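As a plain string of letters, each chain reads:
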Amino acid sequence: MESSKNKQRKIIGYWMSEKKSQKLNWSEFAKVSRSHGFDLVKVDLNRPLEEQGPFTVIIHKLTDIIAQSLRGEKRACEIIEHVENYIKLHPEVLIIDPLENVKKLLDRFTSYRVVHDSDLHNIDVFTPPFVELTSNDIHVNLQTLKEAGVKFPFVCKPSVANGTDCHNMAIVFNEKGLKDCQPPCVAHAFVNHNAVLYKLFIIGGEYHIVERPSLKNFYPDPDRETIYFNSHDVSKSDSSSSLSVLDEDEPSDECHTKADPATLGHIVEIITAVLGMNLLGVDIVVENKTGRHAIIDINPYPGYDGYPNFFESLIRCIRSKVFLNQGLTRIFPSEEDSGFETADSSDEKKRSPLLPVSKAHERQL
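Presented here is an overview of the structure given in this document.

1. Focus on the overall build of the protein chain
Line of reasoning, step 1. Scanning the protein chain from terminus to terminus reveals eleven helices and 14 strands.
Line of reasoning, step 2. Counting all 365 residues of the protein chain, 53% fall into the buried class.
Line of reasoning, step 3. Across the protein chain, the fraction of contacts at a sequence separation of at least 24, relative to all contacts at a separation of at least 6, is 73%.
Line of reasoning, step 4. For the protein chain, the exposed area adds up to about 17,400 Å²; of that, 51% sits on carbon and sulfur atoms.

2. Section: the environment of Tyr 304
Line of reasoning, step 1. In this fold, Tyr 304 is placed in the loop between β14 (293-300) and α11 (310-325).
Line of reasoning, step 2. Taking relative accessible area as the criterion, Tyr 304 reaches 4% and is therefore assigned buried.
Line of reasoning, step 3. Placed 105 residues apart in sequence, Tyr 304 and Lys 199 show a C-alpha to C-alpha distance of 9.1 Å.
Line of reasoning, step 4. With residues up to four places along the chain from it excluded, the contact list for Tyr 304 reads Phe 201, Ile 202, Ile 203, Leu 279, Leu 280 and Phe 310.

3. What about the sheet that holds strand β13 (residues 279-286)?
Line of reasoning, step 1. The strand order across the open sheet formed by five strands is β5-β14-β13-β10-β11, and the pairing between neighbours is mixed. Every other strand in the sheet has two partners, leaving β5 (125-126) and β11 (206-213) as the edge strands with one partner each.
Line of reasoning, step 2. Where strand β10 (residues 196-203) meets β11, eight bridges bridge the pair, whose relative direction is antiparallel. By the bridge assignment, Ile 202 is partnered in β11 with Tyr 207.

4. Regarding the environment of Thr 134
Line of reasoning, step 1. Position of Thr 134 relative to the elements: it lies in the loop between β6 (130-133) and α8 (138-148).
Line of reasoning, step 2. Owing to a relative accessible area of 42%, Thr 134 belongs among the partly exposed residues under this scheme.
Line of reasoning, step 3. Spatially, the C-alpha atom of Thr 134 lies 9.8 Å from that of Thr 144, the residues being ten residues apart in sequence.

5. Details of the nonpolar core
Line of reasoning, step 1. If you look at the biggest cluster of nonpolar residues, it comprises 46 residues, and the most contacted ones within it are Ile 271, Ile 295 and Ile 298.
Line of reasoning, step 2. The element contributing the most residues to this core is helix α10 (residues 261-275), with seven residues.
Line of reasoning, step 3. Among all residues touching Ile 298, those that are not within four sequence positions of it are Leu 105, Val 115, Ile 271, Leu 275, Leu 280, Gly 281 and Val 282.
Line of reasoning, step 4. Counting residues in hydrophobic clusters, the runner-up holds 28 residues, among them Ile 96, Phe 311, Leu 314 and Ile 318.

6. Some remarks on the pattern of salt bridges
Line of reasoning, step 1. One pass over the structure, following the stated rule, counts 18 salt bridges.
Line of reasoning, step 2. As a salt-bridge pair, Arg 71 and Glu 73 come within 3.4 Å of each other at their nearest N and O atoms.
Line of reasoning, step 3. The exposure class assigned to Arg 71 is exposed, which follows from its relative accessible area of 55%.
Line of reasoning, step 4. Judged by its relative accessible area of 35%, Glu 73 falls in the partly exposed class.
Line of reasoning, step 5. Residues joined by salt bridges that share partners form a network here, namely Glu 84, Glu 100, Lys 103 and Lys 104.

7. A word on helix α7 (residues 108-116)
Line of reasoning, step 1. Here α7 lies mainly inside the structure; seven of its nine residues are buried.
Line of reasoning, step 2. Two or three places before Phe 109, at the start of α7, stands the capping residue Asp 107, its side-chain oxygen 3.0 Å from that residue's backbone nitrogen.

8. Describing the packing of helix α4 (residues 63-70) against helix α5 (residues 74-89)
Line of reasoning, step 1. At a minimum axis separation of 8 Å, α4 and α5 run at an interaxial angle of 115°. Regarding α4 and α5, the two cross each other, and that crossing is left-handed. Side by side, α4 and α5 meet where Ile 65, Ile 66, Gln 68 and Ser 69 of the first sit next to Ala 76, Cys 77, Ile 79 and Ile 80 of the second.
Line of reasoning, step 2. Taken together, the residues of the contact of α4 with α5 sort by class into six nonpolar, two polar and no charged.

9. Concerning the packing of aromatic side chains
Line of reasoning, step 1. Under the definition given, this model contains 16 aromatic pairs.
Line of reasoning, step 2. With a centroid separation of 6.1 Å and 70° between ring planes, the pair formed by Tyr 301 and Tyr 304 is classed as edge-to-face. With respect to burial, Tyr 301 and Tyr 304 carry one shared label: buried.
Line of reasoning, step 3. Through a chain of ring-to-ring contacts, the aromatic side chains of Tyr 14, Trp 26, Phe 29, Phe 201, Tyr 301, Tyr 304, Tyr 307, Phe 310 and Phe 311 assemble into a single cluster.
Line of reasoning, step 4. Looking at Arg 292, its charged tip hangs above the ring of Phe 126, at a distance of 4.1 Å from the centre.

10. Some words on the pairing of β6
Line of reasoning, step 1. Along β6, one buried face is formed by Phe 130 and Glu 132 and the opposite face, lined by Val 131 and Leu 133, is buried too.
Line of reasoning, step 2. Summarising the sheet, β6 and strand β9 (residues 185-189) pair through four bridges and their orientation is antiparallel. Its bridge partner being in β9, Leu 133 is matched across the sheet by Cys 185.

11. Some remarks on the side chain of Thr 127
Line of reasoning, step 1. Take Thr 127: it is sitting in the loop between β5 and β6.
Line of reasoning, step 2. Residue Thr 127 is classed as buried on the basis of its relative accessible area of 9%.
Line of reasoning, step 3. Leave out the neighbours within four places in its chain, and Thr 127 touches Tyr 112, Val 115, His 116 and Ile 295.

Reading the values: rules and limits
Residues numbered from 1 in each chain as written. Predicted model: local features only at pLDDT ≥ 70, side-chain atom pairs only at ≥ 80, totals over all residues. Heavy atoms only, no water. Helix = DSSP H or I, 4+ residues; strand = E, 2+ residues; numbered from the N terminus. Buried < 20%, exposed > 50% of the residue type's maximum accessible area, 1.4 Å probe, protein only. Contact = heavy atoms within 4.5 Å. Areas by Shrake-Rupley, 256 points an atom, 1.4 Å probe, with all protein chains shown as cover. Pairing = 2+ DSSP bridges. Core = buried A, V, L, I, M, F, W, Y, C linked by side-chain atoms within 4.5 Å. Salt bridge = Lys/Arg side-chain N within 4 Å of Asp/Glu carboxyl O. Polar contact = N/O pair within 3.5 Å; in protein donor to acceptor, adjacent residues only side chain to side chain. Axes fitted to C-alpha atoms, helices over the stretch in contact; angles between N-to-C directions. Left-handed = near helix turned anticlockwise from the far one by under 90°. Nonpolar A, V, L, I, M, F, W, Y, C, P; charged D, E, K, R; others polar. Phe/Tyr/Trp six-rings, centres within 6.5 Å; stacked < 30°, edge-to-face > 60°. Lys NZ or Arg CZ within 6 Å of the ring centre and 35° of its normal.

See the structure below:
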């Protein structure tokens with residue numbers, strides 16, 4: 001009888017840094033997994049994956065290694081190639097989330113473009129006007145910003161959404177502040193939102209919203225110096241930055257800074273489908289004068305700080321995806337689609353048709 005039970009067990013292979021494992025208390029997830037018929041096994045990236053399975057699911061936080069491989073670092077390239085070869089040879093293994101999709105989300109311009117071109121506009125959700133700056137020439141950058149419709153003030157963020165530097169940002173108020181932009185970077189118009197940020201944590205079809213402090217309202221100012229900040233210092237749950245305190249003469253219209261639950265549900269449905277991913281963090285602000293929801297950042301496999309019963313949601317997501325994955329073939333993107341592989345999401349959710357990329361949001365070279 002015991003032997004029969006063992007044959008029915010499935011293996012969840014996982015990889016993340018030791019720091020991430022400890023932060024998420026991953027040993028507790030091993031208990032949750034066992035209670036649902038899964039064995040949790042940490043993948044050793046220095047050994048052949050063939051020796052460590054057979055895996056039913058591989059769940060990973062490979063963002064740092066993927067980013068290193070994109071920079072051409074030899075060992076990182078070898079690891080990613082090794083994992084990709086294993087995935088190709090074992091299409092029956094569910095990957096949460098596809099490496100190609102994670103790679104694209106590490107490029108802020110690409111992720112903004114895909115969200116902008118999705119069906120989110122049908123529910124009055126938008127991305128602020130944005131463009132990538134790749135030149136050190138101030139005059140070239142000014143023209144690039146004008147063509148993209150990015151007005152002052154705007155937020156300047158590193159193009160690569162990974163690593164400690166990716167949280168170092170700047171608010172540029174005028175033309176003289178253009179010298180402070182550090183290409184390659186993505187510039188997007190600043191949206192006034194009364195210093196309230198909503199972190200939308202997504203696990204498959206489930207989600208939880210966490211309210212965080214954010215930047216106060218800013219306006220064009222021909223004389224104001226560029227403001228540099230680290231987003232972790234401003235928008236962590238325990239942050240207490242002066243940049244988050246509204247000016248005394250600033251009218252705070254609370255009715256326009258509350259996120260709408262119905263809109264959030266639609267965002268989850270659309271964005272998981274178009275990105276072909278299950279584990280996402282989406283930063284949302286509500287424009288203070290219009291009440292419109294704006295997506296200002298997306299992260300693969302976020303920290304999930306404040307997410308209640310995280311492991312239960314995660315195991316439900318895994319079980320659901322495993323069930324759907326049985327007997328289904330992988331779907332690969334055609335040239336006309338968003339470029340995001342939806343291998344592990346199957347046809348559970350049909351991807352929203354994408355609009356053509358508008359000229360204003362084409363990558364500036």
